[in-house]
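Letter by letter, the chains look like this.
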Amino acid sequence: MSDKTALITGITGQDGSYLAELLLSKGYLVHGLIRRSSTFTTQRIDHLYEDPHESDARLRLHYGDLADGSRIAALLESIQPDEVYHLAAQSHVRVSFDEPEFTGTTTGLGTTRLLEAIRMTGLPCRFYQASSSEMFGTTAPPQSESSIFHPRSPYAAAKVYAYWITRNYREAYGVHAVNGILFNHESPRRGETFVTRKIAHAAARIARGEQDALHLGNLEARRDWGYAPEYVDAMWRMLQQDEPGDYVVATGTSYSVRDFLGFCFEHAGLDWEKHIRFDERYLRPSEVPDLVGDASKAERELGWKATVHAPELARIMVDAELAAVPAPARERSLTGA
Ligand code: NAP
Ligand code: GDD
């Protein structure tokens, strides 16, 4: 068991929740940064909750926001983490076209605020940056650590900036900072407006007779979809290396949105063609057509390899939706996300 201390930004998100579970299971003391909100946002980590009045609580939450550099520095100073996993971001590609400036200041500059706080406090902590396959944009697959970036959204442009500022703090100041270039990874905890969760959720509702149609945009886009719990293990492995580096994490297989529809609806006993409607609001001004990762460096150096591929992932997600208490339709058609 480890006696290390970690700070996770984005602990209330999909990846943050799985990473918190993983680190707690390894004996870490886990601190998480959460945003103040008028309603609770901790549903994904409620099962990990420990009474903070108990002195041996291993999970501790702190208010803070990526926009607030002085708060981040003060937290680092008091927590003194060995490892910082920076997962917080405005992470929705379609939304980034509506909110490009906000996406830049959180997804891009948020990384600089954390790295600058590490530099100013002089902490010898290791730093993980949640980089993204979205940075490759139109670069032809398979994409690896040496592929060219061609960002196709404000989100991707912000992630490219964050990737390079992470490398710069490594080269300029010797910070043990790594980029995990993760391809799409999903789970039953995936945000409800990402396409896999949207499809799995709708398939379960249609199977139960609670709705009839699902509105989607581009069905031809291809993604390399993996299973989120496996991907947070790769993040941890990256920070255990003696030398910092950058790693692609992916399954190496790609399927279209249309394929994923087929997997989910078939598993729910449905014919997807009877239920899908096109809605142009879900199209992006510029699209990323085809992502397939080459994760051979991660396999070689980290001993990491994906085992769950899209067909099994679809079954996991639909089964979780079918087992869940029926919930309202979650398509946010007013927003186009
Ligand atoms: P997610 O579910 O959308 O979670 C994002 C997290 O960031 C949430 O905890 C959110 O808090 C927090 N956050 C957003 N803005 C913030 C701010 N201004 N200050 C503090 N916290 C803020 O994302 P995810 O799927 O877990 O992804 C984790 C990271 O990996 C993100 O950086 C994402 O861009 C990147 N990534 C994801 C994938 C993927 O396929 N999932 C692939 C490559 C890279 P609230 O709960 O309050 O909203
Ligand atoms: N969200 C959404 N909603 N996507 C749709 C829809 C729809 O109704 N219809 C078709 N799509 C298509 C999108 O155009 C895109 O090509 C594909 O489905 C996947 O969309 P998302 O699930 O929103 O994910 P993403 O690939 O744009 O971004 C995710 O993966 C990135 C890694 O490549 C996010 O998790 C990013 O944060 C992450 O960096």
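Here is what the cut-offs are and how they apply
Residues numbered from 1 in each chain as written. Chains lettered and ligands numbered in written order. Predicted model: local features only at pLDDT ≥ 70, side-chain atom pairs only at ≥ 80, totals over all residues. Heavy atoms only, no water. Domains from an automatic or database assignment. Contact = heavy atoms within 4.5 Å. Buried area = accessible area lost by both parts, 1.4 Å probe. Salt bridge = Lys/Arg side-chain N within 4 Å of Asp/Glu carboxyl O. Polar contact = N/O pair within 3.5 Å; in protein donor to acceptor, adjacent residues only side chain to side chain. Helix = DSSP H or I, 4+ residues; strand = E, 2+ residues; numbered from the N terminus. Nonpolar A, V, L, I, M, F, W, Y, C, P; charged D, E, K, R; others polar. Phe/Tyr/Trp six-rings, centres within 6.5 Å; stacked < 30°, edge-to-face > 60°. Buried < 20%, exposed > 50% of the residue type's maximum accessible area, 1.4 Å probe, protein only. Lys NZ or Arg CZ within 6 Å of the ring centre and 35° of its normal. Near = heavy atom within 4 Å. Areas by Shrake-Rupley, 256 points an atom, 1.4 Å probe, with all protein chains shown as cover. Core = buried A, V, L, I, M, F, W, Y, C linked by side-chain atoms within 4.5 Å. Arc of directions from axis to C-beta.

Brief notes about the domain arrangement of the protein
Then, number 1: For the protein, the domain assignment lists domain 1 (5-186 + 228-249) and domain 2 (195-223 + 253-323).
Then, number 2: Look at where the C-alpha atoms of domain 1 and domain 2 centre, and you get two points 25 Å apart.
Then, number 3: Taken together, the 30 residues of domain 1 in the interface contact 27 residues of domain 2.
Then, number 4: Roughly 2,400 Å² of surface becomes buried between domain 1 and domain 2 when both sides are summed, with 58% attributable to carbon and sulfur atoms.
Then, number 5: Taken together, domain 1 and domain 2 are joined by zero salt bridges.
Then, number 6: Our enumeration of links across domain 1 and domain 2 arrives at 15 residue pairs in polar contact (both at pLDDT 80 or more).
Then, number 7: Listed by contribution, the elements that provide at least two residues to the side of domain 1 that touches domain 2 are helix H3 (93-98), helix H7 (228-239) and strand S11 (246-249).
Then, number 8: Per-element tally for the side of domain 1 that touches domain 2: the top contributor is H7, with six residues.
Then, number 9: Split by residue class, the side of domain 1 that touches domain 2 holds 12 nonpolar, nine polar and nine charged.

Section: the packing of aromatic side chains
Then, number 1: Enumeration over the complete set of coordinates arrives at nine aromatic pairs.
Then, number 2: Geometrically, the ring pair formed by Phe 149 and Tyr 163 is edge-to-face, given 4.8 Å between the ring centres and 85° between the ring planes. Remark: Tyr 163 occurs in helix H5 (residues 154-173) and Phe 149 occurs in the loop between strand S5 (126-132) and H5; sequence separation between them is 14 residues. In this pair, the class of Phe 149 matches that of Tyr 163, namely buried.
Then, number 3: Look at Tyr 255 and Phe 263: their rings are 5.3 Å apart centre to centre, the planes differ by 75°, and that puts the pair in the edge-to-face class.
Then, number 4: Owing to a relative accessible area of 24%, Phe 263 belongs among the partly exposed residues under this scheme.
Then, number 5: Grouped by ring-pair contacts, the aromatic residues Phe 136, Phe 149, Tyr 163, Trp 164 and Phe 183 constitute a single cluster.
Then, number 6: Against the face of Tyr 173 rests Arg 119, its NZ or CZ located 4.9 Å from the ring centre.

What about the site of ligand 2?
Then, number 1: Taken together, 24 residues lie near ligand 2, and Ser 132, Ser 133, Tyr 155, Arg 284 and Glu 287 sit nearest.
Then, number 2: The separation between an oxygen atom of ligand 2 and a polar side-chain atom of Ser 133 is 2.6 Å.
Then, number 3: Here ligand 2 loses 96% of its free accessible area of 720 Å² to cover by the protein chains.
Then, number 4: Looking at the shell around ligand 2, its residues break down into 10 nonpolar, eight polar and six charged.
Then, number 5: Both domains that furnish three or more residues to the shell around ligand 2 are identified here as domain 1 (5-186 + 228-249) and domain 2 (195-223 + 253-323).

Description of the nonpolar core
Then, number 1: Among the nonpolar cores identified, the biggest contains 34 residues, and Ile 8, Leu 19, Val 30, Tyr 85, Tyr 128 and Met 238 are the most heavily contacted of them.
Then, number 2: When residues of this core are traced back to their parent elements, those giving at least two are strand S1 (5-9), helix H1 (14-25), strand S2 (29-34), S5, strand S6 (176-182), H7, S11 and helix H9 (296-302).
Then, number 3: In terms of nonpolar packing, the next biggest core, distinct from the first, is built from 25 residues, Ile 206, Leu 214, Ala 268 and Met 317 among them.

A word on helix H2 (residues 69-79)
Then, number 1: Every buried residue of H2 is accounted for by Ile 72, Leu 75, Leu 76 and Ile 79. For H2, the angular spread of buried residues about the axis comes to 100°, placing them on one side. For H2, the exposed residues set more than 90 degrees away from the buried face come down to Ser 70 and Ser 78.
Then, number 2: In the core, the buried residues of H2 are packed alongside S1, S2, strand S3 (59-63), strand S4 (83-86) and helix H4 (100-121).
Then, number 3: Of the residues one or two after H2, Gln 80 is the one with positive phi, at around 55°.

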